[in-house]
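Understanding the architecture of this molecule
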Amino acid sequence: MSDWAGSRPAGAEDDPTGAAGPTDATGPRPVPQLGSIAPYVMGAAPRADEPRGAKLSSNENPFGPSPLGIAAAVAALPDVNRYPVDPGGLRARIAAHHGVEPANVVTGAGSDEVINLVCAVYLEPGRRMIVADPPYGIHRIAGLLSGAELVRVPVVDWTHDLPSMAAAARSGDVVAVTNPHNPTGTAVRPDALRGLLATVPRDCVVLVDEAYHEYVDDPLRATAVEMLDLHPGLIVSRTFSKVYGLAGLRAGYGIGRPETLEPLDRVRAPANVNAIALAAAAAALDDRDHVARTVAATRDGRRRLEETCTRLGLEHVPSQANFVLVRDRDGWPEALGRDGISVRPGANLGVPGWHRVTIGTPAEMDRVIAILELLFG
Ligand SMILES: Cc1ncc(COP(=O)(O)O)c(C=O)c1O
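A quick note: this is a predicted structure, and the numbers were derived from the prediction, not measured. (Residues numbered from 1 in each chain as written. Predicted model: local features only at pLDDT ≥ 70, side-chain atom pairs only at ≥ 80, totals over all residues. Heavy atoms only, no water.)

So, about the pattern of salt bridges. Applying the stated criterion across every chain yields a total of 21 salt bridges. The partner of Lys55 in a salt bridge is Glu60, and the shortest N-O contact between them spans 2.8 Å. Judged by relative accessible area, Lys55 falls into the partly exposed class, the value being 32%. Glu60 sits in the partly exposed class, given a relative accessible area of 29%. In this structure, Asp218 and Arg189 form a salt bridge, with 3.0 Å as the shortest nitrogen-oxygen distance. A residue pair is termed long-range when its members are at least 10 positions apart, and Asp218 in the loop between β6 (205-209) and β7 (234-239) and Arg189 in the loop between β5 (174-178) and α7 (190-199) qualify at 29 residues. Three or more residues are tied together by salt bridges with common partners; here these are Glu50, Arg52, Asp339 and Arg367. (Salt bridge = Lys/Arg side-chain N within 4 Å of Asp/Glu carboxyl O. Buried < 20%, exposed > 50% of the residue type's maximum accessible area, 1.4 Å probe, protein only. Helix = DSSP H or I, 4+ residues; strand = E, 2+ residues; numbered from the N terminus.)

Structure representation (structure tokens):
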């Protein structure tokens, strides 16, 4: 019996030869590239027997969902016998939020769906998906599944090497830039991004994934939404899963030129974003208090964790996102785990020897810092 899920163990590396695929010809045959893809590994939940368990493994919002979003979700519930009709006008609200037209917006069941649509529509065997190494896992999987070749361009100082990525791009490729990046947390300079947009062939897609944009406090912070005039293939993806706290509902979107997004809109499932998610996301977009509280507390927790690492001599990557990548030493991830705090092994993210710590509530960060101080202080 063929067993695709087992053909690439969780956490394994991709196998470009595809040799791990099944050979049994009596059952259905998935596309050959499937055998080469190492599956995405979700962040682990904390130990079930630890009442103070803290999940710092999936870059979620520890402050909960937007209260306005929840109220809108509850109000939408009685109508779920109907297919979703975008009651809050989510697309229009997103467009207004960014100062663009509704035709510049495509919505998805999470930004991961937008990424999948981009790869389904713009890639095929013979084209390439150009990613940073280490890449964000869904860029890697969606690119490979489309039959494209995955071109990994190593990060320099943990940051995308945009000149080398631009130089690698050929006609018809998709170039994926994650800003800030997951798993490193680093942001790219706006002038470097403009340089990439000026350089890559006009028939490429440049996918700029801004899932963590709101957490950036670099004074040079810029969004690629303001760069739509620089490249016809620019698509910027955003999510309601992080700062808006709606990861479980699945809502995200892409912004680009209408002619670039139209193919995605044509083939997406017509009811791809469910009615609850549409209502909640539209309301959450206006929940300025929740966003401001989340951003302020997350930046503060990030600063405290980074200062602690520096003081204790723990190597870490300075972050612009809601997580920090910290080098393994003397079993600190296991020590957190014994106290019910789960963090993400870098081995699952292309950075073995490191763990990624999501910024939690102030109380959760107090516990993380206390454990690190006990070990290294
Ligand atoms: C860089 C990046 N893009 C996209 C996503 C997924 O977002 P969504 O929940 O909107 O699918 C994540 C989630 O961790 C991410 O890290």
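According to the domain assignment, the protein contains domain 1 (54-64 + 289-376) and domain 2 (67-287). If you average the C-alpha positions of domain 1 and of domain 2, the two centres end up 25 Å apart. Between domain 1 and domain 2, the contact holds 25 residues from the first and 24 residues from the second. At the boundary of domain 1 with domain 2, the tally comes to 1 salt bridge. A salt bridge links Arg302 to Asp217, with the shortest nitrogen-to-oxygen separation between them at 3.2 Å. Our enumeration of links across domain 1 and domain 2 arrives at 17 residue pairs in polar contact (both at pLDDT 80 or more). At the level of elements, α10 (288-312), β10 (323-327) and β12 (354-358) are the ones that each hand at least two residues to the side of domain 1 that touches domain 2. (Domains from an automatic or database assignment. Contact = heavy atoms within 4.5 Å. Polar contact = N/O pair within 3.5 Å; in protein donor to acceptor, adjacent residues only side chain to side chain.)

A few words on helix α5 (residues 137-145). Taking burial as the measure, the 9 residues of α5 include 8 buried ones, the bulk of the element. If you check which residues of α5 are buried, you get Gly137, Ile138, His139, Arg140, Ile141, Ala142, Gly143 and Leu144. Close packing links the buried residues of α5 with α4 (111-122), β3 (128-133), β4 (149-154), β5 and β6.

Looking now at the state of the cysteines. The full count for this structure, using the stated rule, is 0 disulfides. Not part of a disulfide, Cys119 finds its nearest cysteine sulfur in Cys204, a span of 13 Å. (Disulfide = S-S within 2.5 Å.)

Along the chain, Ser237 turns up in strand β7. In this structure Ser237 comes out as buried when scored by relative accessible area, which is 0%. The contact partners of Ser237, leaving out residues within four places of it in the chain, are Ser111, Leu207, Val208, Asp209, Glu210, Ala211, Tyr253 and Gly254.

Glancing now at the site of the ligand. Contacts to the ligand come from 13 residues, most closely from Ser111, Asp209, Tyr212, Thr239 and Ser241. At 2.9 Å from an oxygen atom of the ligand is found a main-chain nitrogen or oxygen belonging to Asp112. In the shell around the ligand, the residues fall into 3 nonpolar, 6 polar and 4 charged. (Near = heavy atom within 4 Å. Nonpolar A, V, L, I, M, F, W, Y, C, P; charged D, E, K, R; others polar.)

Moving on, we come to the pairing of β5. In regular strands, side chains alternate between the two faces of the sheet. Across the 5 residues of β5, 5 count as buried, placing the element largely inside the fold. Burial of the side chains of β5 extends over both faces: Val174, Ala176 and Thr178 are buried on one face and Val175 and Val177 on the other. Where β3 and β5 come together, 2 bridges link them in parallel fashion. Its bridge partner lying in β5, Met129 is registered against Val174. Both β5 and β6 contribute to a ladder of 5 bridges, which runs parallel. Residue pairing for β6: Ala176 is matched across the bridge by Leu207. Following the chain from β5 across α7 to the adjacent parallel β6, one finds a crossover that is right-handed. (Pairing = 2+ DSSP bridges. Right-handed = clockwise from strand over helix to strand, strands pointing away.)

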